[in-house]
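Chain by chain, the residues run as shown.
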Amino acid sequence: MLRAYDWATHLRPMVARRHLQNRIKIDKEDPKRWRERLGYPSATRPDGTLIWFHGLGLGEVLSIRGLVHIMADLSDAHFLVTSGTKAAGQALLHNLPPRTRHQFLPIDAPRYRNAFLDHWRPDLCIWAEQDVWPGFVLELARRKIPQAHVVCRMHRKSWRKKSRFVAAYSYIYSQMALVTANDKLTQDRLRTFGITDAPVTGPIKPTAPPLSCDSAELEKLRAILGRRFVWITAPSHQADEELALSAHRRLLAEYPDALLIIAPRYPKRAFNISLPHAVRSRGEIPTLSHQVYLSDTFGDLGLLYRLAQAALIGGTNDETEGHSPWEAANLGNAILHGPCTGNFDADFERLDAAGAAIKVHSAEEILASLQGDLDGQVAKINSVVNTYRNATESLAKDLMSLV
């Protein structure tokens, strides 16, 4: 299977440019940086040791930051973070750790990956969570560049898919100098592929620094909002928004000046908001006449979470199966979530067990939670976060030993 995959990657350049141009048209590629996907760098390689991290999307890339910060404190190394999505790249540019550069991961084809590796010459490659590209893994192994797969998450769908190619994935994982699991279930599933010594380090997201924001804009909005109760659903999908709006109508009966912020995962779509609302992409500011603030822009979660007191985590009410709760938790939000958390089951289970998050199934349950002890819930969240810090510091030391 790996030989067939490697052969197929030679054909990708035949359609790569057209594919990328089509993605630019639908706003899934950066029109100014799309050539990075063909292996053309837009930044120079720094002198000295370079450690390369890769995370697929927004959540993975933002979670890497805490580990990079710790490794930067332990060494004078430089860091390269690659991502596969435009949103992840945009968010990271506003939240870069020390001595860190960002690039988009090239398409996994020999011409592109070799150009990328020839330019950056990493001393260590670290794959984060789920995304591992076989062609890159094989080429890194040929070049004798050490690799690690950290906080691996393998949900049921992913495990079943990979289990169809046990020999191939066993070989891929065997190229890793270190594999760690996010949770016990993933640790058990890794045994399918011959990995019997993957320690459970837990998530690294809790130890990532809080998302940044424009301090002047934050103070401006805080002054405008005053003492209004503000809560948020983010990164939201339609099911989250419908449930939040239903709960918000009930909340308004008791707190007429309450404000719901909706921060959609995919801003460029239609929205059905019947309550009076301001729209961020139009430059509108939420006033007392607005009951909802639609923040249909990218890269603003650091600002929005700071304005809110509680967050209904998006994707937990439909087949999306949840987004990370940690960005909201690290910015002082009490955490609410729906029942669909397959992507982050272990994370939500830890928070629920500690009383640091509340599972809700209806608008009535959301209302009751918003009227509960939010400050006490936040204190429990902080306690959970502190338990992960030592594990992440230990992981950082293990990774530095591979350089």
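Residues numbered from 1 in each chain as written. Predicted model: local features only at pLDDT ≥ 70, side-chain atom pairs only at ≥ 80, totals over all residues. Heavy atoms only, no water.

Draft legend 1. Region of the structure containing the sheet that holds strand E9 (residues 277–279). An order of E9-E10-E8-E7-E11-E12-E13 is seen for the 7 strands of this open sheet, with the pairing classed as parallel. Unpaired on one side and paired on the other, E9 and strand E13 (357–359) mark the two borders of the sheet. For this sheet, the mean angle separating the axes of adjacent strands, direction not counted, is 20°. Of the strand pairs in this sheet, E9 and strand E10 (residues 292–294) are connected by 3 bridges, and their pairing is parallel. Bridge pairing links Val279 to Leu294 in E10. The strands that helix H15 (residues 363–370) touches are strand E7 (230–236), strand E11 (310–313), strand E12 (334–337) and E13; relative to E12, the one it contacts most, it runs at about 170°. (Pairing = 2+ DSSP bridges. Helix = DSSP H or I, 4+ residues; strand = E, 2+ residues; numbered from the N terminus. Axes fitted to C-alpha atoms, helices over the stretch in contact; angles between N-to-C directions. Contact = heavy atoms within 4.5 Å.)

Draft legend 2. Geometry of empty space enclosed by the protein. Applying the stated criterion to the full structure yields 3 cavities of 30 Å³ or more. Computed from the structure, the largest cavity encloses a volume of approximately 230 Å³. Lining the largest cavity are 20 residues, and of these Leu58, Phe298, Gly299, Asp300 and Leu301 lie nearest its centre. Within the residue set of the lining of the largest cavity, elements represented by two or more residues are helix H3 (58–74), helix H4 (86–93), strand E8 (259–264) and helix H12 (301–307). For the lining of the largest cavity, the element with the most residues is H12, which contributes 3 residues. Broken down by class, the residue content of the lining of the largest cavity amounts to 11 nonpolar, 7 polar and 2 charged. Estimated volume of the second largest cavity: approximately 50 Å³. Lining the second largest cavity are Leu62, Ser63, Arg65, Lys205, Ala208, Pro209, Pro210, Leu211, Trp326, Glu327 and Asn330. (1 Å grid on protein atoms, 1.4 Å probe; cavity = no way out; pocket = protein on both sides within 12 Å on 5 of 7 lines; lining within 4 Å. Points joined across faces, edges and corners; volume = space filled by probe spheres on them. Nonpolar A, V, L, I, M, F, W, Y, C, P; charged D, E, K, R; others polar.)

Draft legend 3. Region of the structure containing unusual backbone geometry. The amide bond that connects Ala234 to the next residue, Pro235, takes the cis arrangement and shows omega of -25°. With respect to the helices, strands and loops of the structure, Pro235 is situated in strand E7. For Asp27, which is not a glycine, the phi torsion comes out positive at approximately 65°. Relative to the elements of secondary structure, Asp27 occurs in the loop between helix H2 (13–25) and strand E1 (50–54). The phi torsion at Glu321 lies on the positive side, around 70°, for a residue other than glycine. Within the secondary structure, Glu321 sits in the loop between E11 and helix H13 (326–329).

All we've got here are geometric facts, nothing functional implied.
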